[in-house]
Structures are given as C-alpha cells and as structure tokens.
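For reference, the chains in residue letters:
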Amino acid sequence: RRKALVGLYSDTHGAARHFARHFGWDHARSGGKLNEGALSCFERAILDGMATDMKGGEDHLVAKEAVEGSVASRKIMEKNRFDFELFAYSQQLYKFQMALS
C-alpha cells in the first residue's frame, strides 16, 4: 500500500491532483491548487497514452466475438485472471490513497 502510487484512467483529474500532492507539484502538497494549465497538460498526456493503448493490431478480437458468456469471453477472462485481480486491487488501493490525501 505504501510502495506504489495509483491513478485511474476513469478519474484523470483526481489522479492528477493525487500525483501533484504526492510529488509536491505546483505547491499541491501544502494545500495549493494544481493550476489548470498543468492539469490540462497532465490530462492530455494521459489521454494520448490511452489512445496509444487502444490501437489494436490484427490479433485483436472484434467486439461482437467477445460477448459476455461466449467462449471467447471465457478464454479472455481465464487468460487474464491475474490482470483482472490486479485491476480490482488497484481500484481499492486508489480509493484508500485518495481517502488519505
């Protein structure tokens, strides 16, 4: 819990403020606000990273092939079980860290 700092794509503004407080950017550690320019820059970088992550190759499934309950969906869940568990833990850790800050 104390060795990693977690941010979530689903809360980029909150993650930016969380990182700013932790690293002392823009006086956020002493209660100051992260200015809008820094927040916009951070969010733009996150969204660019998300766009890069979302680019699929030829080996990606078509969405309709991975319908919940299908064979493809079960195989994906089985193959990525530990990733799903890590993601669930990351969400819990993020909530915990946000409550502390």
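Caption draft 1: Molecular detail of the overall build of the chain. Along the chain, the regular secondary structure elements total 4 helices and 0 strands. Along the chain direction, N to C, the helices and strands of the chain fall in the order α-α-α-α. The buried share of the chain, reckoned over its 101 residues, is 19%. Once local pairs closer than 6 in sequence are excluded, the contacts in the chain between residues at least 24 apart make up 49%.

Caption draft 2: Seen up close, the nonpolar core. Core analysis: the biggest nonpolar cluster contains 11 residues, these being Val6, Leu8, Ala15, Ala16, Phe19, Ala20, Leu34, Leu39, Phe42, Leu93 and Tyr94. Residue assignment for this core shows that the elements contributing at least two residues are helix H1 (12-23), helix H2 (36-54) and helix H4 (81-100). With 4 residues, H1 is the largest single contributor of residues to this core.

Caption draft 3: Geometry of H1. Compared with the 16 Å implied by 1.5 Å per residue over 12 residues, the 16 Å span of H1 between its first and last C-alpha is a close match. Turning to H1, the residues buried within the fold contact H2 and H4. Residue Gly24 follows H1 closely and has a positive phi angle near 75 degrees.

Caption draft 4: Summary view of the side chain of His18. Looking at the element boundaries, His18 is found in helix H1. Not counting chain neighbours up to four residues away, the residues in contact with His18 comprise Leu5, Val6, Tyr94, Gln97, Met98 and Ser101.

Caption draft 5: Local environment of the environment of Ala15. Tracing the chain through its elements places Ala15 in helix H1. Distance in space between the C-alpha atoms of Ala15 and Phe42 is 9.5 Å, their sequence separation being 27 residues. Once residues lying within four places of it in the same chain are set aside, the contact partners of Ala15 are Gly7, Leu8, Phe42 and Tyr94.

Caption draft 6: Region of interest: the packing of H1 against H4. The N-to-C vectors of H1 and H4 enclose an angle of 55 degrees; their axes lie 11 Å apart at closest approach. Relative to H4, the element H1 lies oblique. When you trace H1 past H4, the crossing you get is left-handed. Every residue of H4 that contacts H1 at Gly14, Ala15, His18 and Arg21 is listed here: Tyr94, Gln97 and Met98. Its residues assigned to classes, the contact of H1 with H4 shows 3 nonpolar, 3 polar and 1 charged.

Caption draft 7: Structural view of the environment of Gln91. Mapped onto the elements of the fold, Gln91 is located in helix H4. When the C-alpha positions of Gln91 and Leu8 are compared, they lie 7.5 Å apart, and in sequence the two are 83 residues distant.

Criteria and cut-off values
Residues numbered from 1 in each chain as written. Predicted model: local features only at pLDDT ≥ 70, side-chain atom pairs only at ≥ 80, totals over all residues. Heavy atoms only, no water. Helix = DSSP H or I, 4+ residues; strand = E, 2+ residues; numbered from the N terminus. Buried < 20%, exposed > 50% of the residue type's maximum accessible area, 1.4 Å probe, protein only. Contact = heavy atoms within 4.5 Å. Core = buried A, V, L, I, M, F, W, Y, C linked by side-chain atoms within 4.5 Å. Expected span 1.5 Å × (residues − 1). Axes fitted to C-alpha atoms, helices over the stretch in contact; angles between N-to-C directions. Parallel < 35°, antiparallel > 145°, perpendicular 65-115°, else oblique. Left-handed = near helix turned anticlockwise from the far one by under 90°. Nonpolar A, V, L, I, M, F, W, Y, C, P; charged D, E, K, R; others polar.

Any link to function would need more than the numbers given here.
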